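Read off the chains here:
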Amino acid sequence: MKLTKNICFFDLETTGTNVSKDRIVEISIVKALTDGSKEVKTWKVNPGIPIPPETTLIHGISDEDVADAPSFKELAPAIMEMIKDSDLAGYNSNRFDIPLLAEELLRNGFDFDLSKHRPIDVQVIYHKMEPRNLSAAYKYYCDKDLIDAHSAEADTIATYEVLMAQIEKYDELENDNKFLSEFSSQRKTADLAGFIQYNDKDQEIISFGKYKGQVLTDIFAKDPGYYAWIQNADFPLYTKKVFTRIKLQNGF
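As the structure is a computational prediction, the values presented were derived from the model and not from experiment. (Residues numbered from 1 in each chain as written. Predicted model: local features only at pLDDT ≥ 70, side-chain atom pairs only at ≥ 80, totals over all residues. Heavy atoms only, no water.)

### Considering the pairing of strand β4 (residues 86-90)
Then, number 1: When you tally the buried positions in β4, you get 5 out of 5 residues, the bulk of the element.
Then, number 2: The pairing of strand β1 (residues 6-14) with β4 spans 4 bridges and is parallel. Residue pairing for β4: Cys 8 is matched across the bridge by Leu 88.
Then, number 3: By the bridge criterion, 3 bridges tie β4 to strand β5 (residues 119-121) in an arrangement that is parallel. Bridge pairing links Ala 89 to Ile 120 in β5.
Then, number 4: Crossover connection from β4 via helix α4 (residues 93-107) to parallel β5: handedness right-handed. (Buried < 20%, exposed > 50% of the residue type's maximum accessible area, 1.4 Å probe, protein only. Helix = DSSP H or I, 4+ residues; strand = E, 2+ residues; numbered from the N terminus. Pairing = 2+ DSSP bridges. Right-handed = clockwise from strand over helix to strand, strands pointing away.)

Written out as structure tokens, the structure reads:
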């Protein structure tokens, strides 16, 4: 890959799929550097909550496996150090891995700003070109069988190899982080969960509830209590952070 900026490919294994409530039990990062080298780090994480048996059946990680592992808060400085100068890539990462990583960082007192990490979602590129799953993508693009699927490291390395093969295969894919990020984005949102979207005038609008489709600054002007309701409700921390940024930038 011709990289203009480092890319951290990463994959999470978790206690479930609820971004606000579930926790990370394993994280693997493959950092592709602009000089052509790469670094690989994998950590087990003690989530501080039980891992449901049905989830263990998927990724094979049990409570016993992470009993002596560090907490996410203990690992966060090393994770932040690894991703600080990088864009973020993964498989279905725009919808799940990046929002959950942001939630874990903010929950533990570490700031996360998506504007510093352009997201590249290999699944979106793949589904636009060849709509299947990671195992099929790995077989199709790399002619390899994905051994240990749902192992964070195996999935992450496969994702890295698939993106390299996609760039090699498709002439229309520019070998550029910015292009890949824009190509793999399915919707333009201000937050990670999609609660704040943009209209055709590039204004932030609400995507849910009684104010769906309305401009956020107009809502703040006519309903001063709306911001407080958002902050006290069960929304992801990154969504609340974006609400606060918009509120302060517009003088409310």
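Back to the write-up after that little detour.
### Quick notes on the state of the cysteines
By definition, a disulfide links two cysteine residues through a covalent bond between their sulfur atoms.
Then, number 1: Counted under the stated rule, the structure contains 0 disulfides.
Then, number 2: Free cysteine: Cys 8, not disulfide-bonded; nearest cysteine sulfur from Cys 142 at 20 Å.
Then, number 3: The class for Cys 8 is buried, based on a relative accessible area of 1%. (Disulfide = S-S within 2.5 Å.)

### As for the environment of Asp 35
Then, number 1: Note on placement: Asp 35 falls in the loop between β2 (24-32) and β3 (38-44).
Then, number 2: Measuring from C-alpha to C-alpha, the distance between Asp 35 and Met 1 comes to 9.8 Å, with 34 residues separating the pair along the chain.

### A word on helix α3 (residues 72-83)
Then, number 1: Taken together, the buried positions of α3 are occupied by Phe 72, Leu 75, Ala 76, Ile 79, Met 82 and Ile 83. Summarising the axial view, the buried residues of α3 lie within an arc of 130°, below the 170-degree limit, and thus occupy one face.
Then, number 2: Buried residues along α3 sit against β1, β2, β3, β4 and α4. (Arc of directions from axis to C-beta. Contact = heavy atoms within 4.5 Å.)

### Digging into the sheet that holds β1
Then, number 1: Read from one edge of the open sheet, 5 strands run β3-β2-β1-β4-β5, paired in mixed fashion. Whereas interior strands pair on both sides, the edge strands pair on one side only; in this sheet they are β3 and β5. Across the sheet, the mean angle from the axis of one strand to that of its neighbour is 20°, orientation sign disregarded.
Then, number 2: One ladder, built from 8 bridges, connects β1 with β2; its direction is antiparallel. Its bridge partner lying in β2, Glu 13 is registered against Glu 26.
Then, number 3: Sheet contacts for helix α5 (residues 122-129): β4 and β5; angle to β5, the most-contacted strand, approximately 40°.
Then, number 4: On the sheet, helix α7 (residues 152-169) packs against β1, β2, β3, β4 and β5 and is oriented at approximately 145° with respect to β1. (Axes fitted to C-alpha atoms, helices over the stretch in contact; angles between N-to-C directions.)

### What to know about the packing of α3 against α4
Pairs of packed helices are described in terms of their axes, by the angle between the two and the distance that separates them.
Then, number 1: In the contact formed by α3 and α4, the axes pass within 10 Å of each other and the chain directions differ by 115°. Here α4 runs roughly perpendicular to α3, going by the angle between their axes. Considering only the axes of α3 and α4, their crossing is left-handed. On the side of α3, the interface is formed by Phe 72, Ala 76, Ile 79 and Met 80, while α4 contributes Leu 101, Glu 104 and Leu 105.
Then, number 2: Across the contact of α3 with α4, the residue classes tally to 6 nonpolar, no polar and 1 charged. (Parallel < 35°, antiparallel > 145°, perpendicular 65-115°, else oblique. Left-handed = near helix turned anticlockwise from the far one by under 90°. Nonpolar A, V, L, I, M, F, W, Y, C, P; charged D, E, K, R; others polar.)

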